[in-house]
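Listed here are the chains, written in short residue letters.
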Amino acid sequence: MADRESIRDTVVEALNARDFAALAGRVDEDVAISGIGEGSDNGREALRERLARHFEAFDESYGDALAMSDASGNTIAIRLTARGKAAGGAAYSKEKILLLELEEGLITRFALFSTAES
């Protein structure tokens, strides 16, 4: 069973610091990615590239993180408040959900969902 608070803290801190190396150390080499850019993708490098483009476009930071998990602890949902700036420069604050699936302590799925229209 994974320690959801530790994973939450590590992932949110890495995202806010734009520390893709720290995040890569927590994900499987074939991590499945969705919700960051269009479509889906696989792999550490694809995750790094998608996150870099996302943060360049939106300059988001995350706070108010609340982690929830299934009974096994292998699926973790993290409710976040995302604060950023849209392409036109307008500031926003909205709720997002980060869904992580884990196997043997590594993140095998990384999906980011917005609960409101962009």
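Below, the structure is looked at part by part. Quantities reported herein were computed from a predicted structural model and do not represent experimental measurements.

Let's talk about the overall build of the chain
Reasoning step 1: Counting secondary structure elements, the chain contains three helices and six strands.
Reasoning step 2: The order of α-helices and β-strands along the chain, N terminus first, is α-α-β-β-α-β-β-β-β.
Reasoning step 3: In terms of C-alpha radius of gyration, the chain reaches 13 Å, essentially the compact-globule figure of 13 Å for 118 residues.
Reasoning step 4: For the C-alpha atoms alone, the extent of the chain along its principal axes is close to 40 × 25 × 25 Å.
Reasoning step 5: In the chain, 42% of the contacts between residues at least 6 apart in sequence involve partners at least 24 apart.
Reasoning step 6: When the 14 basic and 22 acidic side-chain charges of the chain are each reduced to a single mean position, those positions are 5 Å apart.

Remarks on the environment of T115
Reasoning step 1: Locating T115 in the fold gives a position in the segment after strand 6 (106-114).
Reasoning step 2: With 20 residues separating them along the chain, T115 and E95 place their C-alpha atoms 5.9 Å apart.
Reasoning step 3: Setting aside residues no more than four positions away along its own chain, T115 makes contact with E95 and I97.

Looking at the packing of aromatic side chains
Reasoning step 1: Scanning the model with the defined rule gives one aromatic pair in all.
Reasoning step 2: Over the ring of Y92 we find K94, and its NZ or CZ is 4.8 Å from the ring centre.

Details of the pattern of salt bridges
Reasoning step 1: Applying the stated criterion across every chain yields a total of nine salt bridges.
Reasoning step 2: Between D9 and R8 there is a salt bridge whose closest N-O contact spans 2.9 Å.
Reasoning step 3: Residue classification places R8 among the buried positions, given a relative accessible area of 17%.
Reasoning step 4: Put simply, R79 and E95 hold a salt bridge, and the shortest N to O gap is 3.6 Å. Note that R79 is positioned in strand 4 (residues 75-85) and E95 in strand 5 (residues 91-103), a separation of 16 residues in sequence.

Description of the nonpolar core
Reasoning step 1: Ranked by size, the top nonpolar core spans 27 residues in total, and within it V11, L15, L47, L51, L98 and F110 carry the most contacts.
Reasoning step 2: Sorting the residues of this core by element identifies helix 1 (4-17), helix 2 (20-24), strand 1 (27-34), helix 3 (44-58), strand 3 (61-69), strand 4, strand 5 and strand 6 as the ones contributing at least two each.
Reasoning step 3: In terms of residue count, helix 1 provides more of this core than any other element does, five residues in total.
Reasoning step 4: Residues within four places of V11 in sequence aside, it is in contact with L23, L98, L100, I107 and F110.

Thoughts on the sheet that holds strand 1
Note on sheets: strands pair through backbone hydrogen bonds, and any given pair is parallel or antiparallel.
Reasoning step 1: Taken in spatial order, the six strands make up an open sheet running 2-1-6-5-4-3, and their pairing is mixed. For this open sheet the edge positions go to strand 2 (40-42) and strand 3, each flanked by a neighbour on one side alone. Sheet twist, expressed as the average angle between the axes of neighbouring strands with direction ignored, equals 20°.
Reasoning step 2: Where strand 1 lies against strand 2, three bridges are found, and the strand directions are antiparallel. Bridge assignment links A32 to a residue of strand 2, and that residue is N42.
Reasoning step 3: In this fold helix 1 packs onto strand 3, strand 4, strand 5 and strand 6, with an angle of close to 160° to the strand it touches most, strand 3.

Conventions adopted
- Residues numbered from 1 in each chain as written.
- Predicted model: local features only at pLDDT ≥ 70, side-chain atom pairs only at ≥ 80, totals over all residues.
- Heavy atoms only, no water.
- Helix = DSSP H or I, 4+ residues; strand = E, 2+ residues; numbered from the N terminus.
- Rg over C-alpha atoms; globule rule 2.2 N^0.38 Å.
- Contact = heavy atoms within 4.5 Å.
- Lys, Arg positive; Asp, Glu negative; His and termini not counted.
- Charge placed at Lys NZ, Arg CZ, Asp CG, Glu CD.
- Phe/Tyr/Trp six-rings, centres within 6.5 Å; stacked < 30°, edge-to-face > 60°.
- Lys NZ or Arg CZ within 6 Å of the ring centre and 35° of its normal.
- Salt bridge = Lys/Arg side-chain N within 4 Å of Asp/Glu carboxyl O.
- Buried < 20%, exposed > 50% of the residue type's maximum accessible area, 1.4 Å probe, protein only.
- Core = buried A, V, L, I, M, F, W, Y, C linked by side-chain atoms within 4.5 Å.
- Pairing = 2+ DSSP bridges.
- Axes fitted to C-alpha atoms, helices over the stretch in contact; angles between N-to-C directions.

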